Amino acid sequence: MAVAVTTKTAWKLQEIMAHSSNVSSVVLGKGSGRMLATGGDDCRVNIWSVSKPNCIMSLTGHTTPIESLQVNPNEKLIVAGSRSGSIRVWDLEAAKVLRTLPGHKANICSLHFHPFGSFVASGSLDTNIKLWDVRRKGCIFTFKGHTEAVRCLRFSPDGKWVASAADDHTVKLWDLTAGKLMFEFTGHTGPVNVVEFHPNEYLLASGSSDRTVRFWDLEKFQVVSCIEEEATPVRCVLFNPDGCCLYSGFQDSLRVYGWEPERCFDVVLVNWGKVADLSISNNQLIGVSFAQSTVSSFVVDLSRVPKSDSVPQGLIRDDQPLVPPTPTGSSLRRIYDRPSTSCSKPQRVKHNSESERHSPSSEDDRDEKESKAEIQNQEDYKEIFQPKNAICRTPPRNEPFPAPPEDEPGTAKEAVKPSQAVDVQTSLPKQELPDPVQRPMNASSTSLSRTEPSVIPAARNEPIGLKASDFLPAVKNQSQTELVDEEAMSQIRKGHETMCVVLTSRHKNLDAVRAVWSTSDIKNSLDSAVAINDLSVVVDLLNIVNQKASLWKLDLCTIVLPQIEKLLQSKYESYVQTGCTSLKLILQRFLPLITDILAAPPSVGVDISREERLHKCKLCYKQLKNISNVVKNKSGLSGRHGSAFRELLLLMAVLD
């Protein structure tokens, strides 16, 4: 029996519709762990308070989608980088743009504020790293050395170095005083996604798409340890504030690592998908992830997670007894020398600032007019950014999020159970968990006459059409609760052979399609998938093709569009998602071509290839017209699917 007072170790806090279009970047304020900033394809930066449903402030001014965000340590400034290479800094308390920093020639992939100075570092797809003075609106220095996109930047706690992680599989350490490269750490075999300094010691951690976490000694410039054997790429890392362990965010899990020796102290299963950022507050770890236009936040109770100063429960990577680690701050490794006050100016920056405040210029005035801070929730804005007591910033930091009670036995665990999601979705219902916004199912009060929902969500806690009661013998009276093993097993086996037949048939169909693809081309394999007359096989194939836009051709559209029409009207949410993704790709790549060819005057003479192309375009146009009616009918839906259909409706406006 479940104990009533037992609470969850990890749970989903909330899910918000953050933007009118796809979310492209999210970041948490590290000072309080309560501030959330989101950037989207709508070119806006929205400010939220974690656990509150309404947007506090919306920042405009960028003309291309937001690619990277960062909040400064005291959570008064926010910097956003866009796809065009432009960087804007906003003052959240004054609710206005502070600086526009042009200079990069491509996407801004990473940003970071200096720990105690008015400086920002930016990394770009153009492979350059730039150091900016926010007060002077100028680039102080440009670091060159990476050969591919710079994905993550971090200043050292003492503000003297900056570490960079890039797609070229390297981690580089730069000296800000000398303005040059100190050392290049090699060893990763895939793009390096994240890098993080230890809060006290000369130690650096890096996480990569090669599914390893590496620890680097910054005195000896050598690898300390490497943790391997993980199943998914490392998405984000964060040291515990006292430096006793490293938290690493993976697909649907949080792992707790020690590095001398390398070992995993615990694995916490969290259904957060591809987690994007982590923050720690009140002995709770906050994690955020995003999918399409929604952002979800999750909480892990760190008081229930073993660290390196406690006996590990779970994965230990060696067979030797655990030796207590060296306490933080020992002489094992050098400690950072921090400035005496948080407002001291860094000595390494080689420029003379005549004034702490910049003088206004016509360009600044124009930037301020183009950039706006739309305060959408005046009450929350005044509470957070203009508090009466300047020392106490709200939402209150001294109150952790209340943990929900543990689920009763037999019910699905919402955030503690990981989803088994893979990139290629299958037609069999995935046994994931329902979103908190959906009505939770109560096992004790489930009606036997319950009807199936009109749309079966991709995330749910049981297969549609199956009831737990079907697998157990009926209890004749309330006092008779013991079940005979043979009776229970016979009920569990009920329908097992039927399910095996279904899965075997599915496997055979996929093998047939794969055989065609390996011996022929994608068009013939799609033809064979359609001929099988099983939408689940079509969905599996489309999920692969959607990942590589170069595979799409015009004759492929003529085959896929009728299947997309079926998918958009399916009762399975995962089918609808795949249909929307495929249709969006077709509209973006081929609709302009189709309309141009149909509008072109007839050619003189006989041109067989042109006639064939014209025939395909007419066929696609007719199919798209049919699909547009389905999209119009579903554009009024609420939630992320309604948003997806409305986006498709805009793309199909030229058909009217």
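These lines cover the structure that appears in this document, whether it is placed above or below. Counting of residues starts from 1 at the beginning of each chain's written sequence and follows it residue by residue. Only residues with pLDDT of at least 70 get local features here, since the model is predicted, and only at 80 or more are side-chain atom pairs given and counted; chain-wide, interface and lining totals rely on the full set of residues. To get the side-chain values, take all heavy atoms of the structure and skip hydrogens and water.

**Quick look at the packing of aromatic side chains**
The following threshold applies: Each aromatic pair joins two rings of Phe, Tyr and Trp (for Trp, the six-membered one) with centres within 6.5 Å, and gets the label stacked for planes under 30 degrees apart, edge-to-face for over 60, and tilted for any other angle. Going along the chain from the N terminus, every DSSP run of H or I of four or more residues is numbered as a helix, and every run of E of two or more is numbered as a strand. Only protein chains enter the accessibility calculation, which uses a 1.4 Å probe. A residue is then buried if its area is under 20% of the maximum for its type, exposed if over 50%, and partly exposed in between. As a reminder, the over-ring test applies to NZ of lysine and CZ of arginine, requiring each to be within 6 Å of the ring centre and within 35 degrees of the ring normal.
On inspection of all chains with the given rule, the structure shows 12 aromatic pairs. When the ring of Phe183 is compared with that of Phe221, the centres are 5.1 Å apart and the planes differ by 25 degrees; the resulting orientation is stacked. Taken as a pair, Phe183 in strand β17 (residues 180-185) and Phe221 in the loop between β20 (213-217) and β21 (222-227) lie far apart in primary sequence, 38 residues in all. With a centroid separation of 5.0 Å and 40 degrees between ring planes, the pair formed by Phe185 and Trp216 is classed as tilted. On the criterion of sequence distance, the pair formed by Phe185 in strand β17 and Trp216 in strand β20 is long-range, its members being 31 residues apart. For Trp216, a relative accessible area of 3% corresponds to the buried category. Taken together, the aromatic side chains of Phe183, Phe185, Trp216 and Phe221 make up a single cluster linked through ring pairs. When the ring centre of Phe250 is taken as reference, the NZ or CZ atom of Arg255 above it lies at 5.5 Å.

**Quick notes on the packing of helix α6 (residues 535-545) against helix α7 (residues 554-568)**
Note the cut-off: Only C-alpha atoms enter the line fits that serve as axes; for helices the fit covers just the stretch in contact. Angles between N-to-C directions range over 0 to 180 degrees. Our angle categories are set so that under 35 degrees counts as roughly parallel, over 145 as roughly antiparallel, 65 to 115 as roughly perpendicular, and the remainder as oblique. Two helices crossing with the near one rotated counterclockwise from the far one by less than a right angle form a left-handed crossing, whereas a clockwise rotation gives a right-handed crossing. Any two residues whose heavy atoms approach within 4.5 Å are treated as being in contact.
Close contact between α6 and α7 brings their axes to 11 Å; oriented N to C, the two are set at 120 degrees. Classified by the interaxial angle, the pair formed by α6 and α7 is oblique. Our pair here, α6 against α7, has a crossing hand that is left-handed. Contact residues: Leu535, Val538, Val539, Leu542 and Val545 in α6; Leu556, Val560, Gln563, Lys566 and Leu567 in α7.

**Focus: the packing of helix α5 (residues 522-532) against α6**
In plain terms, the rule: Each residue receives one of three labels: charged for Asp, Glu, Lys and Arg, nonpolar for Ala, Val, Leu, Ile, Met, Phe, Trp, Tyr, Cys and Pro, and polar for the others, Gly being one of them.
As a packed pair, α5 and α6 sit with axes 9 Å apart at the nearest point and diverge in direction by 155 degrees. Judged on the interaxial angle alone, α6 and α5 are roughly antiparallel. Like other packed secondary-structure pairs, α5 and α6 cross with a definite hand, here left-handed. Touching Ile522, Ser525, Leu526, Ala529 and Val530 of α5 are Val537, Val538, Leu541 and Val545, all from α6. Grouping the amino acids of the contact of α5 with α6 by side-chain chemistry returns 8 nonpolar, 1 polar and no charged.

**Structural notes on the pairing of strand β9 (residues 96-101)**
What counts here: Two strands qualify as a pair provided DSSP detects at least 2 bridges between them.
Looking at chain direction, strand β8 (residues 87-91) and β9 are connected through 5 bridges and run antiparallel. Following the sheet pairing, Arg88 is matched in β9 by Thr100.

**With respect to the pattern of salt bridges**
Operational definition: In what follows, salt bridge is the name for a side-chain nitrogen of Lys or Arg lying within 4 Å of a carboxyl oxygen of Asp or Glu.
Throughout the structure, instances matching the rule amount to 12 salt bridges. Where Lys12 meets Glu15, a salt bridge forms, and the shortest distance between an N and an O atom there is 2.9 Å. A relative accessible area of 12% means that Lys12 is categorised as buried. We note a salt bridge from Asp540 to Arg506, for which the minimum N-O separation is 2.5 Å. Of this pair, Asp540 sits in helix α6 while Arg506 sits in helix α4 (residues 496-519), and the two are 34 residues apart along the sequence. This pair shows no difference in class: Asp540 is buried, exactly as Arg506 is. When salt bridges that share partners are traced, they join Asp41, Glu67 and Arg83 into one network.

This is a description of form; function is not addressed.
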